[in-house]
Every structure is written in structure tokens, then in C-alpha cells.
Amino acid sequence: ESSLLVIEMIHASKRAMGIEYAIRDVVLPARELEKQGIKIIKLNIGDPVKFDFQPPKHMKEAYCRAIMEGHNYYGESEGDIELRKAIVEREKKKNGVDITVDDVMVTAAVTEALQFVFGALVEPGDEVLIPGPSYPPYVALVKFYDGVPKAYLGIEEEGWQPDIDDMRKKISEKTKAIAVINPNNPTGALYDKKTLKEILDLAGEYDIPVISDEIYDLMTYEGKHVSPGSLTKDVPVIVMNGLSKVYFATGWRLGYMYFVDPEDKLAEVREAIGKLARVRLCPNTPAQKAAIAGLTGPMDYLEGYMKKLKERRDYIYKRLNEIPGLSAQKPEGAFYIFPRIEERSKWKSDKEFVLDVLRNAHILVVHGSGFGEGGEWHFRAVFLPPVEILEQAMDNLEKFMKERLS
Ligand code: PLP
């Protein structure tokens, strides 16, 4: 007699099981190669702190001091009042926005702000316009809340500026918000003022808010970042920012959002976000003290860091465009480059290309289709490592492409 015990599997929710995150998906095959003793050059994750960047000393000291001085309690759900004051001042200086501490909500970085915004806005079937290609959590989170992400494409030949005609085509009565990521991940695009005004006009026609992800705002090379929050007259803008990129504190998980809402159209949404904030209690208390130090303290560290990044950007941009079968637009912000795979006959897809590059050139980059519509037949590389490492990566890639195309 067989004693087969049938164990019934407990099912996870479909909404959670449906989540995809391409940036980390490519890590598994890379780990396999590393287990075999092969050294992989990792250009896949956008974390400057994994390279030669650190938060400035005054922020680190403030964090340690906050802990030692006893700031280890639950704080207010909306965030530390001193920090919210510092955010108001920083944003007035940067964007000239007319906001008060009541318009500001401190969050566990931009990622939590995105959860709050989509959680508070999206009903099943609602659509959210997002850039195509786009930072993957936008797709994942909109879907998680049973919404439908709709990509508006970037125009590659124009440095990936958003295509306003396409945005107009994709907008409908079901559209709940337009998300803008500027400077952009994965393309490195910096949107011009005219384009931002057109986006605001379109949002105004449909009476919907603009969500503005400004996490890379001071990380620009030639141009300067402009916030839709500084341009709006009546369209509500929800701005999101934080410590992860410009302040080089990715692991501290601290950010904020604020509302520029001249006609108070978002009153109910703000109430909903307040509710979401209260059920998660509060953001990290000592990290908020460090954030005050960061936002009110000297920014001179940034100049040196941007100089390093610009050198790396210039290097990778030049090298990629010299490699046969590839071409790349010059990133104007952030630390990503999004090259186009021109020669396509050798691979079935961009993912296959990326795996081939991983196995044979020992470089880990992310396939463009992982960034959604508009990303197909591209890949994303970070240019965070020093030039010597980028040089090795580009030498490997060049050799690989010459072999494949010969
Ligand atoms: N938004 C964009 C466009 C990003 O590229 C990233 C990280 O790469 C984030 C948000 C995540 O930010 P945070 O660390 O503040 O959650």
C-alpha cells in the first residue's frame, strides 16, 4: 500500500506572483558564471554606493549622532517637521515652488512614494501613462493595483525626448495620471521645458495629475533639470525625490513627495495618501535627521562626483558608438546609457543578446525589453565604475561584437 501524501500548495496572490523585475532577473545567470570562477563586470545595477561614491560625511555623522542621541523612536507619519521644513526650503530654492510643510510627506524613498501614489489613485482598469522605456517598478506597481500601464514612447533620435503625439494617442478617459521620469532611467534623457509644458497642457485637457520623479534632478551634465512643479498653473503635480541618487544614500531608504496643487484638486487623494502613511506608521527616524543635514548642508561634494560621472559618461558614449552593430544617444542626466542593438540577425531578442554578452564578454547589462515597451532591441548599462573598468568592459564588448559580426 502506498502512502502517498498529497500536500496542497497554498497559493500566493496573483497580483504578487505577476510582479517582474528585469534588472534583478539577469543576476541569476551571472551568479552561475561567478560560481565557476568567471569574473563578471557588472553594469546592471544603478547603485553608485557600490562603486566609489558615498554619502557626504556630514550626513553620515548626522545619522550616527541621531542614533546616539536617542532619536530611535516612532516619528510622525508625515515625517519629522524639521525635515519637512528643510524639504520646503530645498524645493523652493531648486524649483521655486510655493509649498508649505503640509504639502510634504516623507517616505521610505521614492519607491514607497510610488506605492502611495498608485495605491491612492488607481482603481481596477484605470490607466497610467508611463514613459516607454521606463524604470520597471512603474509597470509593476500600476499592475499591482489592478491598473493598466500605458507607455508613451521616447524619440530615440532626439535623445529620447518623450513623443507628445504618442502621449496624446495613448491618453483616454480612463487615464488617471501621467508619470514623468526626468532625468530618465533607463535612457538618461533630460526633458526640455517646451516638452514639459506640452505634457502639462495635455494633463490639463484631461484634468489629471502629473507625477514627477525627480530622483536624479541635480545629476545632469550639460543642461539643467526643470520640474513640471515649477511650470504648472493649475494642473496638480506630485513631485517625488529623495536621498538615493543626488545624496548617494541608496541604502538609507529615505525620500519624500509633495503636492503642487494650486486649485486643491488632490484634496481627497492627499487624504488617501495620509491614510496609507498612517498604516505604515512612519519613515526611519534617524535617517530623517541625516536627511536634514543633507538638505540643509553643503553640496560641494556633488561637483567632484559629477566630474567623475561626466568623464565616465563621455568615455562609454564614445566607445559604444565606435563598436560595430551598436549605437547610443548621449545621456544628459543620471548614470545610464541605453544603446541600440543595430545588428539583429544574430540573436532572437535583446534578452538573448544580453545573455550572449554575459556568457562570452563577461559583462552584465540589462535587456531593454525589461524596461517595457520602447525598450526592445536595446540594453541598459550603468557608467558608474571607474574608466579603467569601463575600458575593460568596452574592450570585451568590442571584441565580442567583431566576432559575432564577422
Ligand atoms: N525612480 C527612478 C527613476 C529610479 O531610477 C530609482 C532607482 O533606480 C528609483 C526611483 C528608486 O528610488 P528610491 O531609492 O528613492 O526608492
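Everything numeric in this text was worked out from a predicted model, so none of it was measured.

In this model helix 6 (residues 109-121) runs 19 Å from its N-terminal to its C-terminal C-alpha over 13 residues, within 8% of the 18 Å that 1.5 Å per residue would give. In terms of burial, helix 6 is largely enclosed, as ten of its 13 residues are buried. Within helix 6 the residues assigned to the buried category are A109, V110, E112, A113, L114, F116, V117, F118, A120 and L121.

Time to look at the sheet that holds strand 8 (residues 237-242). If you walk across this open sheet you meet the eight strands as 2-9-8-7-6-3-4-5, and the pairing is mixed. The sheet terminates laterally at strand 2 (104-107) and strand 5 (161-162), the two strands that pair on one side only. With six bridges connecting them, strand 3 (residues 127-132) and strand 4 (residues 148-155) associate as parallel partners. Bridged to P131 within strand 4 is Y152.

The subject of this paragraph is empty space enclosed by the protein. In the structure shown here, the tally under the stated rule is three cavities of 30 Å³ or more. Its boundaries defined by the atoms lining it, the largest cavity holds a volume of some 60 Å³. Every residue along the wall of the largest cavity is listed here: P131, G132, P133, Y152, L153, G154, W160, P162, N184, T187, A189 and Y191. Mapped onto the lining of the largest cavity, the elements with two or more residues apiece are strand 3 and strand 4. It is strand 4 that contributes the most residues to the lining of the largest cavity, three residues altogether. Class assignment of the residues belonging to the lining of the largest cavity gives a composition of eight nonpolar, four polar and no charged. Taken as a whole, the second largest cavity spans an internal volume of roughly 40 Å³. As for the second largest cavity, its lining consists of L43, F353, V357, I363, V365, F379, A381, M394 and L397. Of all the elements in the fold, those that place two or more residues in the lining of the second largest cavity are helix 13 (350-361), strand 15 (379-382) and helix 14 (387-405). Of the residues belonging to the lining of the second largest cavity, the class tally is nine nonpolar, no polar and no charged.

Our next topic: the packing of aromatic side chains. Per the counting criterion, the structure on display carries 19 aromatic pairs. Relative to F400, the ring of F353 has its centre 6.3 Å away and its plane inclined at 75°; by these criteria the two rings are edge-to-face. Here the residue F353 occupies a position in helix 13, and F400 occupies one in helix 14, the gap between them amounting to 47 residues. Each member of the aromatic cluster is reached from another via a ring pair, and the members are F53, F248, Y301 and Y305. Against the face of F144 rests R15, its NZ or CZ located 5.1 Å from the ring centre. Above the ring of F53, the side-chain terminus of K308 is found at 4.7 Å from the ring centroid.

Next up on the list: the site of the ligand. Close contacts around the ligand come from 13 residues, with T111, N185, D213, Y216 and S244 the closest. In this structure, R253 approaches the ligand through a side-chain N or O atom, which is 2.7 Å from an oxygen atom. When isolated, the ligand has an accessible area of 400 Å², and the protein chains bury 94% of it. In this structure the site holding the ligand corresponds to the largest pocket.

A few words on the pattern of salt bridges. Two side chains of opposite charge can pair, provided their charged atoms sit close to one another. Tallied over the entire structure, the rule returns 32 salt bridges. K35 is the partner of E32 in a salt bridge, and the nearest nitrogen-oxygen pair spans 3.3 Å. Here E32 and its partner K35 are both found in helix 3 (residues 27-35), three residues apart, which amounts to about one turn of the helix. Of the residues examined, E32 reaches a relative accessible area of 41% and is grouped as partly exposed. The partner of D52 in a salt bridge is K308, and the shortest N-O contact between them spans 3.2 Å. Placement of D52 in the loop between strand 1 (41-42) and helix 4 (57-68) and of K308 in helix 12 (residues 300-322) is noted, with a sequence separation of 256 residues between them. With a relative accessible area of 32%, D52 lands in the partly exposed category. The exposure class assigned to K308 is partly exposed, which follows from its relative accessible area of 23%.

The next subject is the sheet that holds strand 11 (residues 336-337). Across the sheet, which stays open at both edges, the three strands sit in the order 11-15-14 with antiparallel pairing between neighbours. At either end of the open sheet lies a strand with only one pairing partner, and these are strand 11 and strand 14 (366-367).

What follows concerns the nonpolar core. By size, the foremost hydrophobic cluster in this structure holds 128 residues, and its most contacted members are F118, I178, M257, F353, F379 and L397. When residues of this core are assigned to domains, at least three map to each of domain 1 (14-53 + 301-405) and domain 2 (73-296). Beyond its immediate chain neighbours, meaning those up to four positions away, I178 contacts L129, Y152, M167, I171, I199, A203, I208, P209, V210 and I211.

Glancing now at unusual backbone geometry. Of the consecutive residues N182 and P183, the connecting peptide bond is found in the cis state with omega at -10°. With respect to the helices, strands and loops of the structure, P183 is situated in the loop between strand 6 (175-181) and helix 9 (193-206). For A334, which is not glycine, the phi torsion reads 60° and is therefore positive. As for its placement among the helices and strands, A334 is situated in the loop between strand 10 (326-327) and strand 11. According to the relative accessible area criterion, A334 is buried, its value standing at 0%.

Here the largest pocket defines a volume of roughly 500 Å³. Lining the largest pocket are 23 residues; nearest its centre among them are Y21, G46, Y135, K245 and R253. Of all the secondary structure elements, the ones that give two or more residues to the lining of the largest pocket are helix 2 (22-25) and helix 6. In terms of domain composition, the lining of the largest pocket takes at least three residues from each of domain 1 (14-53 + 301-405) and domain 2 (73-296). E20, V139, S369, G370 and G372 are the residues nearest the centre of the second largest pocket, which is lined by 22 residues in total. Of all the secondary-structure elements, those providing two or more residues to the lining of the second largest pocket are helix 2, strand 3, helix 7 (137-144) and strand 4. By residue class, the composition of the lining of the second largest pocket is ten nonpolar, seven polar and five charged. Looking at which domains feed residues into the lining of the second largest pocket, each of domain 1 (14-53 + 301-405) and domain 2 (73-296) supplies at least three.

Rules used in this analysis
- Residues numbered from 1 in each chain as written.
- Predicted model: local features only at pLDDT ≥ 70, side-chain atom pairs only at ≥ 80, totals over all residues.
- Heavy atoms only, no water.
- Helix = DSSP H or I, 4+ residues; strand = E, 2+ residues; numbered from the N terminus.
- Expected span 1.5 Å × (residues − 1).
- Buried < 20%, exposed > 50% of the residue type's maximum accessible area, 1.4 Å probe, protein only.
- Pairing = 2+ DSSP bridges.
- 1 Å grid on protein atoms, 1.4 Å probe; cavity = no way out; pocket = protein on both sides within 12 Å on 5 of 7 lines; lining within 4 Å.
- Points joined across faces, edges and corners; volume = space filled by probe spheres on them.
- Nonpolar A, V, L, I, M, F, W, Y, C, P; charged D, E, K, R; others polar.
- Phe/Tyr/Trp six-rings, centres within 6.5 Å; stacked < 30°, edge-to-face > 60°.
- Lys NZ or Arg CZ within 6 Å of the ring centre and 35° of its normal.
- Near = heavy atom within 4 Å.
- Polar contact = N/O pair within 3.5 Å; in protein donor to acceptor, adjacent residues only side chain to side chain.
- Areas by Shrake-Rupley, 256 points an atom, 1.4 Å probe, with all protein chains shown as cover.
- Sits in = over half its atoms within 2 Å of the grid points.
- Salt bridge = Lys/Arg side-chain N within 4 Å of Asp/Glu carboxyl O.
- Core = buried A, V, L, I, M, F, W, Y, C linked by side-chain atoms within 4.5 Å.
- Domains from an automatic or database assignment.
- Contact = heavy atoms within 4.5 Å.

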